[in-house]
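Each chain, letter by letter, is given below.
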Amino acid sequence: MSSTRLLPRAAAVLLAVLTAFCGAVVFATSATAHVTVSSDDAAPGGYGKLTFRVPNESDTASTTALRIQIPEEAAMGSLRAQPVPGWTITTETTELAEPIEVHGRELSSYVSVVEYRAADGGGIAPGQFQEFALSGGPFPEAEQLSFPAVQSYSDGSESAWIEPAVAGQDEPERPAPVLSLAAGAAQDGHGTADAEVAAADDGTAEHSADPGSVALFLAILALLVAVAGVVLGIRASRRTVSS
């Protein structure tokens with residue numbers, strides 16, 4: 001086979017790999033571009049700080065509001081919002097089906113909704129993100145808690161991050177933020193978990209698997225293999241022709 005016939009085929013193979021690579025890059029970006037919640041000190045029965053990270057997914061509109069729901073199974077006796085410059089904060093309370101006891105005091109209602117709303121002309125611009133923090137407790141005795149959230153944009157559109165994750169199934173398109181509680185973490189006098197010690201003992205703080213990173217790595221590996229194959233094929237063809 002001549003090198004002139006091989007080159008178009010090599011170009012087609014390389015184009016296909018590049019297309020797959022671009023798709024993987026898009027997936028790697030979109031896989032992490034949703035509202036998430038994390039905490040360094042939240043533990044069952046303790047108090048801690050929740051941080052909601054909100055990236056702006058729109059290329060043309062700003063995020064102007066975030067509405068966070070606290071389901072009854074995640075009810076806390078105390079919940080406070082950290083001020084964010086340029087945003088107003090409102091809360092809603094809901095009656096509990098069954099009262100909860102906090103420090104010997106029975107509570108019949110709890111903060112069920114926290115809403116952040118940007119001032120006119122403000123918000124999270126395209127290509128940016130913002131973090132919103134809540135402090136509260138005691139956290140329920142559970143391994144993880146879900147906090148459905150709705151993200152509103154300046155063009156009137158919304159992204160409802162409310163879909164539950166199901167074990168053994170792919171992540172939903174709009175997953176609700178899920179907080180993992182550090183079971184057995186050490187507590188200080190105020191009920192705050194020592195997250196650094198827990199992470200060091202567990203050994204997983206710096207080694208969590210990111211699906212987007214894995215996809216990007218595999219795409220780069222495939223691209224390198226394809227380029228190497230094209231180069232070797234051209235060299236082999238030239239040797240055949242010259243012989």
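The coordinates are above.
Because the structure is a prediction, the values reported are computed rather than measured.

Novice: Would you take a moment to explain the side chain of S159 for this structure?
Specialist: In this structure, S159 sits in strand β10 (residues 158–161). Excluding anything up to four places from it in sequence, S159 contacts E57, A149, V150, Q151, Y153 and R174.

Novice: Sorry, what's going on with the pattern of salt bridges here?
Specialist: Should the charged atoms of two oppositely charged side chains come close, the side chains can pair. Per the stated rule, a full pass over the model turns up five salt bridges. The residue R174 makes a salt bridge to E57 at a minimum N-O spacing of 3.0 Å. Pair noted here: R174 is in the loop between β10 and β11 (178–180) and E57 is in the loop between β2 (48–55) and β3 (63–69), with a separation of 117 residues, a long-range link. With relative accessibility at 32%, the residue E57 sits in the partly exposed group. Where R67 meets E92, a salt bridge forms, and the shortest distance between an N and an O atom there is 3.0 Å. Here R67 is found in strand β3, whereas its partner E92 is found in strand β5 (residues 87–102), with 25 residues between them in sequence.

Novice: Would you mind going over the sheet that holds β3 with me for this structure?
Specialist: Across a sheet, strands are paired by hydrogen bonds formed along the backbone, either parallel or antiparallel in direction. Within the open sheet, the five strands sit side by side as β5-β6-β3-β9-β10. Their pairing is antiparallel. In the strand order of this sheet, the two ends are held by β5 and β10, each with one partner. The mean inter-strand angle of the sheet, taken between neighbouring strand axes irrespective of direction, is 15 degrees. Here β3 pairs with strand β9 (residues 149–153) via five bridges, running antiparallel. When the bridges of β9 are listed, A65 appears paired with S152.

Novice: Can you walk me through the sheet that holds strand β4 (residues 78–81) in this structure?
Specialist: The four strands lie next to each other as β1-β2-β7-β4, forming an open sheet whose pairing is antiparallel. Strands with a single pairing partner mark the edges of an open sheet, and in this sheet they are β1 (36–38) and β4. For this sheet, the mean inter-axis angle between neighbouring strands, taken without regard to orientation, is 25 degrees. Inspection of the sheet shows β2 paired to strand β7 (residues 129–137) by eight bridges, in the antiparallel sense. Bridging across to β7, G48 finds its partner in G136.

Novice: Looking at this structure, how should I read the nonpolar core?
Specialist: Proteins that are soluble and globular tend to have nonpolar side chains buried together. Ranked by internal contacts, the top residues of the largest apolar core, which has 31 residues, are L50, Y116, F132, F139, F147 and L179. Breaking this core down by element, the ones donating at least two residues are β2, β3, β5, β6 (105–118) and β7.

Novice: What is the right way to look at unusual backbone geometry in this model?
Specialist: Most of the time, phi is negative for any residue but glycine, and the peptide bond is trans. P138 follows G137 through a cis peptide bond whose omega is -5 degrees. Inspection of the secondary structure puts P138 in the loop between β7 and β8 (144–146). Even without being glycine, H103 reaches a positive phi, approximately 50 degrees. Looking at the secondary structure, you find H103 in the loop between β5 and β6. Residue H103 is classed as exposed on the basis of its relative accessible area, which comes to 70%.

Novice: Is there a simple way to explain the side chain of T63 in this structure?
Specialist: Residue placement: T63 occurs in strand β3. With relative accessibility at 1%, the residue T63 sits in the buried group. Of note is the side chain of T63, whose polar atom sits 2.9 Å from the side chain of Q151.

Conventions used here
Residues numbered from 1 in each chain as written. Predicted model: local features only at pLDDT ≥ 70, side-chain atom pairs only at ≥ 80, totals over all residues. Heavy atoms only, no water. Helix = DSSP H or I, 4+ residues; strand = E, 2+ residues; numbered from the N terminus. Contact = heavy atoms within 4.5 Å. Salt bridge = Lys/Arg side-chain N within 4 Å of Asp/Glu carboxyl O. Buried < 20%, exposed > 50% of the residue type's maximum accessible area, 1.4 Å probe, protein only. Pairing = 2+ DSSP bridges. Axes fitted to C-alpha atoms, helices over the stretch in contact; angles between N-to-C directions. Core = buried A, V, L, I, M, F, W, Y, C linked by side-chain atoms within 4.5 Å. Polar contact = N/O pair within 3.5 Å; in protein donor to acceptor, adjacent residues only side chain to side chain.

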